[in-house]
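Read off the chains here:
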Amino acid sequence: MEIVKSILVLWLSLSFGASSPQEKKKVLILGAGVSGITAAKTLFDQGVTDFLVLEGQSYIGGRVTQASFAGMKVEMGANWIHYSDQDDNPLILLKNKNDLTATPSNYSRHIIRNDTGADATNTHLSKEWTVARYKLFKLGEARGKEDIPLRDMPATTGLKKLGWRSDTPLKKLSSWSDINFQYGVGEEEASLNNMGAAGVDTFINDQRGVWIKYSDESVEVTTAEGIIYAAEYALCTFSNGVLESKMVTFDPDLPDWKKEAIFRMRMVYYTKIFLKFPKKFWDDSKFILHVSK
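Residues numbered from 1 in each chain as written. Predicted model: local features only at pLDDT ≥ 70, side-chain atom pairs only at ≥ 80, totals over all residues. Heavy atoms only, no water.

Draft legend 1. Expanded view of the overall build of the chain. Along its length, the chain carries 8 helices and 10 strands. When contacts within the chain are restricted to residue pairs at least 6 apart in sequence, long-range pairs at least 24 apart make up 67% of them. Carbon and sulfur atoms make up 55% of the accessible area of the chain, which totals about 19,400 Å². (Helix = DSSP H or I, 4+ residues; strand = E, 2+ residues; numbered from the N terminus. Contact = heavy atoms within 4.5 Å. Areas by Shrake-Rupley, 256 points an atom, 1.4 Å probe, with all protein chains shown as cover.)

Draft legend 2. Representation of the pattern of salt bridges. Per the counting criterion, the structure on display carries 9 salt bridges. For lysine 26, the salt bridge goes to glutamate 232, with nearest N and O atoms at 3.1 Å. Of this pair, lysine 26 sits in strand β1 (residues 25-30) while glutamate 232 sits in strand β8 (residues 228-236), and the two are 206 residues apart along the sequence. Given a relative accessible area of 33%, lysine 26 falls into the partly exposed group. (Salt bridge = Lys/Arg side-chain N within 4 Å of Asp/Glu carboxyl O. Buried < 20%, exposed > 50% of the residue type's maximum accessible area, 1.4 Å probe, protein only.)

Draft legend 3. Up close: the sheet that holds strand β2 (residues 51-54). Here 6 strands make up an open sheet; going across it, the order is β2-β1-β8-β7-β6-β9 and the pairing mixed. Each edge of the open sheet carries a strand with a single partner, namely β2 and β9 (248-251). Strand-to-strand twist across the sheet, computed as the mean angle between neighbouring axes with direction ignored, equals 35 degrees. With 4 bridges joining them, strand β6 (residues 210-214) and β9 adopt parallel strand pairing. Its bridge partner lying in β9, valine 210 is registered against valine 248. Where helix α2 (residues 34-45) meets the sheet, its contacts fall on β1, β2 and β8, and the angle it forms with β1 comes to roughly 155 degrees. (Pairing = 2+ DSSP bridges. Axes fitted to C-alpha atoms, helices over the stretch in contact; angles between N-to-C directions.)

Draft legend 4. Expanded view of the pairing of strand β4 (residues 72-75). Examined bridge by bridge, strand β3 (residues 66-69) and β4 share 4 bridges and lie antiparallel to one another. The residue of β4 that forms the bridge with phenylalanine 69 is methionine 72. Hairpin geometry of β3 and β4 is characterised by an intervening segment of 2 residues between the two adjacent antiparallel strands and by a positive phi of about 50 degrees at alanine 70.

Draft legend 5. Just unusual backbone geometry, in detail. Put simply, aspartate 251 and proline 252 share a cis peptide bond, and its omega is 5 degrees. Turning to its location among the elements, proline 252 is positioned in the loop between β9 and α8 (256-264). You will see that alanine 70, though not glycine, has its phi angle at about 50 degrees, which is positive. With respect to the helices, strands and loops of the structure, alanine 70 is situated in the loop between β3 and β4. The residue aspartate 99 is not glycine, and still its phi comes out positive at about 55 degrees. Relative accessible area serves as the criterion here: at 68%, aspartate 99 is assigned to the exposed category.

Draft legend 6. Spatial organisation of the environment of glycine 33. Secondary-structure assignment places glycine 33 in the loop between β1 and α2. Glycine 33 sits in the buried class, given a relative accessible area of 15%. Apart from residues no more than four positions distant in its own chain, glycine 33 is found in contact with Glu55, Gly61 and Gly62.

As structure tokens, this is what we get:
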């Protein structure tokens, strides 16, 4: 209940455009996405109730949101649970606890069609790519774990070292489906040292500005509406995309090593398109890919 009350206080303040400094809190939680809500629950469970959750959107949940489309609910944000094969994955534990329905993304269940719609799937080539992809990710994972990381190189260089060349339309499609789709760039640009690393975050295009002034004694957060919130501590749960944008200003500026870590993580943009057809005309393959000469 305290968590809900804290969030409601924020919405009322934003609605009325209050400009005077708010009552100083023990902790400010910046962002009401999954991380922010989890932080609030953790504090509450530990007996810390003097906190306030600040969120720039008109809803909580961050990227986990939905919308109405064609008479049904569609997911607008987070859709995948990565590393779902790990039993200690907290998101899997949460899914099981709430009896949520999930469908595994089986990337091997795909069909490739050419310009005429004919099946152009090459089973032998698919197996060859599966082996090359596995070796590539293992190579990148090993390089990234070095105490002094080895000099980075494009993923395409790693593939060539492993004997794979994307020199035919089908081979290009194979690497595209696993590299371009996953990392948002082609194999010529994708970082080999980041192969096998955790997935990147997604940018939330919220144009609200936030000014965060901090010191060893306190933190002050000024919103775009001019509202000032103060606390002894602050937990910043903004996504990497928000931190990389110009929506948040830190005073003093973040140290160079932290900014470098933020900017080194490339942001990937995905466009989700929802279509409704009068009847099903496709087969039961998980993914339908297209290859053209």
